[in-house]
Amino acid sequence: MLGSARIRPGDPRHVDAMRLGGLLAGQGWIVVTGGYGGLMAAVSRSAAAAGGRTVGLPMRAWQHLTPDPSCAELRWSSNYAQRLGFLLAARVAIALTGGIGTLAEASAVWAAAQTEPDAAQLVLVGPGWRRLTGVFSQELVVGEQDIALPVVVDDVDAVVPAVQRLIDSPAAAFGAHG
């Protein structure tokens, strides 16, 4: 799970993240987040409350932040590359609304999905991601296959079916093409 650490309770996106955590746990899937607050905590807390297994990926150097207690397991990273390694080991990454960190992590998953066999697949949630992928297709040097790699869904209710489709029939990497 990728998403903003800045979005707090009371925001509709936080409510959606809470609902999503329960939906993911209901499928029996392990829920991995960055381990901190905001949307990550919302997903993790609701997944834990639903009996799901939760894992956080905190950074050792980020001493000003405390991992959310809803993460039953913490996989500490000494550097960002190590943290990305944990992320890239997932079967599917789901990106909710976020900032530069969320964009960077989603981009890393997206890039790996282009070229790496058995790479994590990506689900982007919300109308903002749909608009961004439209801009990317117009402004970046990318092909239709590149833009089609992530599954873009409009809301959290569409996430579980999208993830299940990716698990049932993973995308094939189509090789390095710059």
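Refer to the structure above for everything that follows.
Model, not experiment: these values are computed from the prediction.

(A) Examining the sheet that holds strand β5 (residues 121-125) more closely. Pairing in this open sheet of 3 strands is parallel, and the strands run β4-β5-β6 from one edge to the other. Sheet topology places β4 (92-95) and β6 (151-153) at the edges, where each strand pairs with a single neighbour. Taking the axes of each pair of neighbouring strands and ignoring which way they run, one obtains an average angle of 20 degrees across the sheet. Where β5 lies against β6, 3 bridges are found, and the strand directions are parallel. Its bridge partner being in β6, Val123 is matched across the sheet by Val151. Contacts from helix α5 (residues 127-139) reach β4, β5 and β6, with the element oriented near 135 degrees to β6.

(B) Quick look at the packing of helix α1 (residues 12-26) against helix α2 (residues 38-49). It is at 7 Å that the axes of α1 and α2 come closest, and there the two elements cross at 40 degrees. Relative to α2, the element α1 is oriented oblique. In this structure, α1 crosses over α2, and the sense of that crossing is right-handed. In contact with Arg13, His14, Ala17, Met18, Gly21, Gly22, Leu24 and Ala25 of α1, α2 contributes Gly38, Leu39, Ala42, Val43, Ser46 and Ala47.

(C) Quick look at the pairing of β4. Because side chains alternate across β4, one face comprises the buried residues Val92 and Ile94, and the other comprises Ala93 and Ala95, equally buried. As paired elements, β4 and β5 share 4 bridges and run parallel to each other. Following the sheet pairing, Ile94 is matched in β5 by Val123. Note that the unit made of β4, helix α4 (residues 100-115) and β5 has a crossover that is right-handed.

(D) The arrangement of α5 in detail. With 13 residues, α5 ought to run about 18 Å at 1.5 Å a step, and its terminal C-alpha atoms sit 18 Å apart, in line with that. Next to the buried residues of α5 lie β4, α4, β5, α6 (144-148) and β6.

(E) Spatial organisation of the pattern of salt bridges. Within the structure shown, the criterion is met by 8 salt bridges. Arg53 is paired through a salt bridge with Glu73; the nearest N and O atoms lie 2.8 Å apart. Here Arg53, found in the loop between α2 and β2 (54-56), pairs with Glu73, found in strand β3 (residues 73-74); they are 20 residues apart in sequence, far enough to count as distant. The exposure class assigned to Arg53 is partly exposed, which follows from its relative accessible area of 40%. On the basis of relative accessibility, which here comes to 26%, the residue Glu73 falls in the partly exposed class.

(F) Expanded view of the environment of Arg8. Counting through the fold element by element, Arg8 comes out in the segment before α1. Counting along the chain gives 29 residues from Arg8 to Gly37, while the straight-line C-alpha distance between them is 8.2 Å. Among residues more than four places away in sequence, those in contact with Arg8 are His14, Gly37 and Gly38. Of the polar contacts made by the side chain of Arg8, one reaches the backbone oxygen of Ala5; its length is 3.1 Å.

Cut-offs used in this document
- Numbering of residues starts from 1 in each chain and follows the order in which that chain's sequence is written.
- Thresholds applied to this predicted model are a pLDDT of at least 70 for local features of residues and 80 or more for the giving and counting of side-chain atom pairs; totals over whole chains, interfaces and linings are not thresholded and use all residues.
- Side-chain metrics in this entry use all non-hydrogen atoms of the structure; hydrogen atoms and water are not considered.
- When DSSP finds at least two bridges between two strands, those strands are taken to pair.
- The numbering of helices and of strands both runs from the N terminus, where a helix is a DSSP run of H or I of at least 4 residues and a strand a run of E of at least 2.
- Orientation is described by lines fitted to C-alpha atoms, with helices fitted over the stretch in contact, and by angles between N-to-C directions that extend from 0 to 180 degrees.
- When checking whether two residues touch, look at their non-hydrogen atoms; a contact exists if any pair is within 4.5 Å.
- Roughly parallel covers angles under 35 degrees, roughly antiparallel covers those over 145, roughly perpendicular covers 65 to 115, and oblique covers all other angles.
- Each crossing gets its handedness from the near helix: less than a right angle anticlockwise from the far helix is left-handed, clockwise is right-handed.
- Between buried and exposed lies partly exposed: a residue is buried under 20% and exposed over 50% of the maximum accessible area for its type, with that area taken using a 1.4 Å probe on protein chains only.
- We call a crossover right-handed when, viewed with the strands running away from us, the connection from the first strand over the helix to the second turns clockwise.
- For a helix, the expected span equals 1.5 Å multiplied by the residue count minus one.
- Salt-bridge detection follows one rule: a side-chain nitrogen of Lys or Arg within 4 Å of a carboxyl oxygen of Asp or Glu.
- Polar contacts here mean pairs of N or O atoms no more than 3.5 Å apart (in protein, one a potential hydrogen donor and the other a potential acceptor; neighbouring residues in sequence count only if both atoms are side-chain atoms).

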